[in-house]
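Report on the structure
Single-letter residue listing:
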Amino acid sequence: MKLILLGAPGAGKGTQAEVICNALNIPAISTGNLLREAVKNGTALGMEAKTYMDGGKLVPDEIVINILKERLAQDDCQAGFILDGFPRTVPQAETLSQMGVEIDKVLDIEVPDEKIMQRLSGRRVCEGCGASYHLDYKPSKVEGVCDKCGAKTVQRKDDHPDTIKERLQVYHAQTEPLKDYYQQTGKLVVVEGQEEVAETSALTLKALEA
Ligand code: AMP
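What counts as what
Residues numbered from 1 in each chain as written. Predicted model: local features only at pLDDT ≥ 70, side-chain atom pairs only at ≥ 80, totals over all residues. Heavy atoms only, no water. Pairing = 2+ DSSP bridges. Helix = DSSP H or I, 4+ residues; strand = E, 2+ residues; numbered from the N terminus. Axes fitted to C-alpha atoms, helices over the stretch in contact; angles between N-to-C directions. Contact = heavy atoms within 4.5 Å. Near = heavy atom within 4 Å. Polar contact = N/O pair within 3.5 Å; in protein donor to acceptor, adjacent residues only side chain to side chain. Areas by Shrake-Rupley, 256 points an atom, 1.4 Å probe, with all protein chains shown as cover.

Some words on the sheet that holds strand β3 (residues 81-84)
- The five strands are arranged β2-β3-β1-β4-β8 in an open sheet whose pairing can be described as parallel. The sheet is open, and its two edges are formed by β2 (28-30) and β8 (188-192), each paired on a single side. The sheet shows a mean angle of 25° between the axes of neighbouring strands, taken without regard to direction.
- Pairing between strand β1 (residues 2-7) and strand β4 (residues 105-110): five bridges, direction parallel. The partner of G7 across the bridge, within β4, is I109.
- Packing of helix α2 (residues 31-40) onto the sheet brings it into contact with β2 and β3, and relative to β2 it is tilted by some 60°.

Quick notes on the site of the ligand
- Taken together, 16 residues are adjacent to the ligand, and T31, R36, K57, G85 and Q92 come closest.
- Residue Q92 places a side-chain N or O atom 2.9 Å away from a nitrogen atom belonging to the ligand.
- Contact distances for the ligand include 3.3 Å between an oxygen atom and a side-chain N or O atom of R156.
- Protein burial of the ligand: of its 480 Å² of free accessible surface, 95% is covered by the chains.
- It is α2 that contributes the most residues to the shell around the ligand, four residues altogether.

Following this line, the structure appears as structure tokens:
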């Protein structure tokens, strides 16, 4: 099954991607994570992407598309995958279609902007394994230390309040039109994000059956 997860930054796409990954045994591919890895490794592409990411802007389509193509060519993607954070623009969606990738379903996770601000400003991520926490809703057992691998948890640079506002603006202007785009193909299913992660996860799994 080939799936896309749409939704604002902080809507919980990463968590739901993990839920689907476990349920269907297909890899979750986050272009944000792929880009952060390139930044961490100090590649030329990573360095170019970094300035956009730190400012809450979208990385140019060409860079993201190249990084995604490389990932989709790997063996584990042949039976299907979940895209988390791609496409983020209509041209990216068109490129995916031109690449011959046939998407089965697009899950759109809806969360109001005020809730997103709350969620992202309290988010902490592990520097080592990328696990995600929240100061209020999902704290690590020891503050600042990852439960899973023991590395340090930090605030992402783009989770600072001004950058979150910018990311939300970018989302509404450039990514939200994808809802119409996929609605027209009959593949869009809306999942209303809930307070409790487990409740959202149940709705996600139900949406896969729809
Ligand atoms: P994310 O982890 O999905 O929130 O992505 C973090 C940042 O990576 C975004 O704010 C963008 O700067 C960049 N990014 C991730 N995916 C894309 C994409 N599909 N197109 C453009 N930029 C992206």
